[in-house]
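Now for the letters of each chain:
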Amino acid sequence: MSERIPHLDLPPACAAAGTVQLPGSKSISNRVLLLAALAHGTTRLYDLLDADDTARMREALTALGVTLQPQPDGALDVLGCGGRFPNREASLFLGNAGTAFRPLTAALAVLGGDYRLDGVARMRERPIGDLVDALARWGCQIDYLGTQGYPPLRIGERQSVAAPAVTRVRGNVSSQFLTALLIAAPLLGQEAVIEVDGTLISQPYVAMTIALMAHFGVTVDREGWQRFVVPAGSRYRSPGTWYVEGDASSASYFLALGALGGGPVRVVGVGEKSVQGDVAFADALAQMGARVRKGENWIEAAAPEGFDPMGGAAPRLRALTYDATAIPDAAMTLAALALFGDGTSRLTGIGSWRVKETDRIAAMAAELTKVGATVACGDDWLEVTPPATWRAATIATYDDHRMAMAMSLTAFGDCYQRILDPACVNKTFPTYWACYRAIVRPVPVVAIDGPSASGKGTVAARVAAALGWHTLDSGAVYRALAWLALEKGVALDDPAALVALAGTARLEFRDGGVAVNGVDVGDAIRTEAVSCAASRIATLPAVRDALLALQRASRRRPGLVADGRDMGSVVFPDACVKVFLTASPEVRAERRYKQLIAKGFNANIDQLRRELAARDAQDRARAVAPLQAAPDARQLDTTAMTIDEAVATVLEWVRTACAVSDAVRVG
Ligand SMILES: Nc1ncnc2c1ncn2[C@@H]1O[C@H](COP(=O)(O)OP(=O)(O)O)[C@@H](O)[C@H]1O
Ligand SMILES: Nc1ccn([C@@H]2O[C@H](COP(=O)(O)OP(=O)(O)O)[C@@H](O)[C@H]2O)c(=O)n1
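As recorded in an unreviewed UniProt entry, the chain goes by the name Multifunctional fusion protein, listed as coming from Hydrogenophilus thermoluteolus. The record held by UniProt for the chain lists under Pathway (unreviewed entry) the comment "Metabolic intermediate biosynthesis; chorismate biosynthesis; chorismate from D-erythrose 4-phosphate and phosphoenolpyruvate: step 6/7." UniProt annotates the chain under Subcellular location (unreviewed entry) with the comment "Cytoplasm".

Quick look at the structure:
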């Protein structure tokens, strides 16, 4: 089992482009696994999804005595059992996989035996009464082992009653009930007629079921989406070899990222001829202004015309009003995309969200609100007004893969976002974050660290000016808090008091300027007394933690040049260029002396040299984020260099590492 890390911090993003090979469709994978197991003959399956939900189905089939044989080329051979599972007794654990639980319930109930079916706690909260009621009318014996209407279930032998002329099932709770009845119907040994009461939601999923059953030799006659007939004498037969399409729901996140980050982002594995309803997501995306193209086996999305990836603002799309009855899963991606609309977006037809992996309407409303959106919702609708000001948030994911993947789009807002339990994507897409990182480009950072007076601030400001990027003088962050502590008489060795002070003060850093509670302290924080106080409070881990978010908030489009002691090692470990700037102690003391004199301060070179050495020692020796070159930092000794030479060297490194050649305006 893969490791569950507690959270993942997504830095603000500025671009997305590239190609993603989609994992196999979950819905198709679990359907064909079951159909192949029930069929006569062996089926060789290619491109099956390898994730939690399909693992549950495979384990269940194995427990039922079905032989699954992995092939050297990655395919899986399923030795069909000809409509009768070898094991008439089994206890199945199906996790939170609805695509395994519902069809297996129906198939086992029709075949009869002694079976128990259970899942995780959330699965025990997902209703199954409509399906059980319909199966009971077929003479199936199913008991609830816990709450009436919910798993766990116990299945017994089927009574041999004639199937009623018509079996009715409600269409607006879960289309998986209808899918389950259709898949099990050929096992009845007589004609089955199923009628849907009310509107059928997620209709494309039922169309997919019928299409796949046809490939396995069973034709379903249907009248519209209300009445379905499975003829007597239907039997599943292996189609031989089957290639699973890429997952269209998983495609939605990358297409959305392409629309937000310039693109084009191409997903390979689904295309124009897909049997999956969620490909309609691409049309909704086009309605929002994205440029969408499709081929037989791929779909591509790019930002609306005129998008500037290096521009300052978060991307903008058109607000959307959309009836998502047919595509409830991909509609979660639309909800997150609504954060980037030019007005309020409204999604309707999403009542089924309430009974999915979590109550997705409540979950979406809560999490979208955290990043600054205004959200209204009802039984089956959601309205999202984009944030006026984006907020950095800690985003809960409710053990719901789609919450995590949809909310990853928030990286295109202006802030860092923290995603809790990122490994919940394992349910359907274990490699999601690797694919995400391969196409999303975070706002680039150049980190310049080094000892006092090595020239970090000077070089950082000049490099930023050449690039047109923002700057962060992180020393000023520590200095501002130290200055305030000295002003207010807060002890420099009292972490709790200093953290409280940082929490209540308004510390502002805007490209060179420093203000504390609205007062400009740009010069006041440069005295040696403040330097020493800053160095002292910087040894306290709690203080460093408290100032982290403030520093990261400077990472804004189009890029950031940050200087300090731990920019490359702690604050921006993903910086595209890390520089460790040094100069000999004598040269540094001399530089600082000249600098202070020029600012009109009194200075004594010998005393400066001693203070500098003491501060270096303190910065190097401290336990947290000590002053040292990150392993991947490039050393630049400026002892014998002019400022121009140092700046030109760093710019050259940026040009090669950050791929911003056309953005660099040198000279
Ligand atoms: N080659 C050089 N590189 C950077 N700064 C230099 C250089 N030569 C002289 N200086 C001067 O050194 C002084 C200290 O630089 P500063 O950027 O404040 O250092 P730091 O931010 O590392 O403490 C500035 O007045 C700067 O103009
Ligand atoms: N990223 C940073 C920046 C500064 N600091 C501390 O804050 C003090 C002042 O930082 P600074 O960069 O303004 O100092 P100088 O290099 O300008 O002397 C340093 O001595 C460090 O102890 C830090 O710990 N981490």
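## Looking at the overall build of the chain
Each helix and strand in the chain was counted, giving 21 helices and 32 strands. Principal-axis analysis of the C-alpha atoms places the extent of the chain at approximately 105 × 50 × 45 Å. In the form shown here, the chain has an accessible surface area of approximately 25,500 Å², with 51% of it arising from carbon and sulfur atoms.

## Let's talk about the sheet that holds strand β20 (residues 374-377)
On the basis of which strands lie adjacent, the open sheet formed by 4 strands has the order β18-β19-β21-β20 and mixed pairing. The open sheet is flanked by β18 (321-323) and β20, the only strands paired with a single partner. The mean inter-strand angle of the sheet, taken between neighbouring strand axes irrespective of direction, is 10 degrees. In this structure, β18 lies alongside strand β19 (residues 345-348), joined through 3 bridges in parallel fashion. Paired with threonine 321 across the bridge in β19 is arginine 346. Its contacts with the sheet place helix α10 (residues 360-370) against β20 and β21 (381-385), and it is angled at close to 5 degrees to β21.

## Concerning the site of ligand 1
Close contacts around ligand 1 come from 16 residues, with Ala453, Lys456, Gly457, Thr458 and Met641 the closest. Within the backbone of serine 454, an N or O atom sits 3.1 Å from an oxygen atom of ligand 1. The side chain of lysine 456 places a nitrogen or oxygen atom 2.8 Å from an oxygen atom of ligand 1. Alone, ligand 1 offers 570 Å² of accessible surface; in the complex the protein occludes 81% of this. Counting residues per element, the ones that place at least two in the shell around ligand 1 are α13 (456-467) and α19 (585-598).

## Points about the site of ligand 2
Taken together, 19 residues lie near ligand 2, and Ser452, Arg479, Arg615, Asp619 and Arg622 sit nearest. Lysine 456 places a polar side-chain atom, nitrogen or oxygen, 2.9 Å from an oxygen atom of ligand 2. Between ligand 2 and aspartate 566, the relevant distance is 2.8 Å, taken from a nitrogen atom to a side-chain nitrogen or oxygen of the residue. Relative to its free-state accessible area of 520 Å², ligand 2 is covered by the protein chains to the extent of 96%. At the level of elements, α14 (474-488), α16 (528-537) and α20 (605-621) are the ones that each hand at least two residues to the shell around ligand 2. The element that contributes the greatest number of residues to the shell around ligand 2 is α14, accounting for 4 residues. Its residues assigned to classes, the shell around ligand 2 comprises 5 nonpolar, 5 polar and 9 charged.

## Here's the deal with the packing of aromatic side chains
Applying the stated rule across the entire model yields 10 aromatic pairs. Here tryptophan 433 and tyrosine 436 contribute two aromatic rings whose centre-to-centre distance is 5.7 Å and whose plane-to-plane angle is 70 degrees, an arrangement assigned as edge-to-face. With tryptophan 433 and tyrosine 436 both in helix α12 (residues 432-439) and 3 residues apart, the pair spans about one turn of that helix. Between arginine 346 and the ring centre of tryptophan 381, over which it is positioned, the NZ or CZ distance is 4.6 Å.

## Thoughts on the packing of helix α7 (residues 248-260) against α12
Packing of α7 against α12 leaves a shortest axis separation of 11 Å and a crossing angle of 20 degrees. Between α7 and α12, the angle is such that the two are roughly parallel. The handedness of the crossing between α7 and α12 comes out as right-handed. Residues Tyr253, Phe254 and Leu257 of α7 touch α12, and the partners they reach there are Tyr432, Cys435, Tyr436 and Ile439. Residues belonging to the contact of α7 with α12 are distributed by class as follows: 7 nonpolar, no polar and no charged.

## Observations regarding the pairing of strand β4 (residues 67-70)
In terms of strand pairing, β4 meets strand β5 (residues 76-79) through 4 bridges, oriented antiparallel. Its bridge partner lying in β5, leucine 68 is registered against valine 78. Between β4 and β5, which pair antiparallel one after the other, the connecting turn spans 5 residues, and glycine 74 there sits at a positive phi close to 95 degrees.

## Some points on the pattern of salt bridges
In total, this model carries 44 salt bridges according to the counting rule given. The salt bridge involving aspartate 9 is made with arginine 418; its shortest N-O contact spans 2.7 Å. Here the residue aspartate 9 occupies a position in strand β1 (residues 7-10), and arginine 418 occupies one in strand β23 (residues 417-420), the gap between them amounting to 409 residues. Between aspartate 53 and lysine 427 there is a salt bridge; the shortest N-O distance is 2.6 Å. Remark: lysine 427 occurs in the loop between β23 and α12 and aspartate 53 occurs in helix α2 (residues 52-63); sequence separation between them is 374 residues. We note that aspartate 53, like lysine 427, is buried. Three or more residues are tied together by salt bridges with common partners; here these are Lys26, Asp53, Asp329, Lys356, Glu357, Arg360, Asp400, Arg402 and Lys427.

## Concerning the nonpolar core
A general feature of soluble globular proteins is that nonpolar side chains tend to end up buried together. Counting residues in each nonpolar core, the largest one holds 78 residues, and the members touching the most others are Phe85, Leu104, Leu135, Trp138 and Leu182. Sorting elements by how many residues they give to this core places helix α3 (residues 98-111) first, with 9 residues. Those residues within four positions of leucine 135 in sequence are excluded, and the remaining contacts are Thr105, Ala106, Ala109, Val110, Cys140, Ile142 and Leu181. Listed in part, the 77 residues of the second largest apolar core include Leu8, Leu257, Ala290 and Ala365.

## Structural notes on the pairing of β20
On a regular strand, each side chain points to the face opposite its neighbour's, so the side chains alternate between the two faces of the sheet. Pairing of β20 with β21, which is carried by 4 bridges, proceeds in the antiparallel orientation. Bridge pairing links threonine 374 to threonine 385 in β21. A loop of 3 residues connects β20 with β21, the two strands running antiparallel in sequence.

Criteria and cut-off values
Residues numbered from 1 in each chain as written. Chains lettered and ligands numbered in written order. Predicted model: local features only at pLDDT ≥ 70, side-chain atom pairs only at ≥ 80, totals over all residues. Heavy atoms only, no water. UniProt positions renumbered as here; feature names shortened; annotations may be inferred. Helix = DSSP H or I, 4+ residues; strand = E, 2+ residues; numbered from the N terminus. Areas by Shrake-Rupley, 256 points an atom, 1.4 Å probe, with all protein chains shown as cover. Pairing = 2+ DSSP bridges. Axes fitted to C-alpha atoms, helices over the stretch in contact; angles between N-to-C directions. Contact = heavy atoms within 4.5 Å. Near = heavy atom within 4 Å. Polar contact = N/O pair within 3.5 Å; in protein donor to acceptor, adjacent residues only side chain to side chain. Nonpolar A, V, L, I, M, F, W, Y, C, P; charged D, E, K, R; others polar. Phe/Tyr/Trp six-rings, centres within 6.5 Å; stacked < 30°, edge-to-face > 60°. Lys NZ or Arg CZ within 6 Å of the ring centre and 35° of its normal. Parallel < 35°, antiparallel > 145°, perpendicular 65-115°, else oblique. Left-handed = near helix turned anticlockwise from the far one by under 90°. Salt bridge = Lys/Arg side-chain N within 4 Å of Asp/Glu carboxyl O. Buried < 20%, exposed > 50% of the residue type's maximum accessible area, 1.4 Å probe, protein only. Core = buried A, V, L, I, M, F, W, Y, C linked by side-chain atoms within 4.5 Å.

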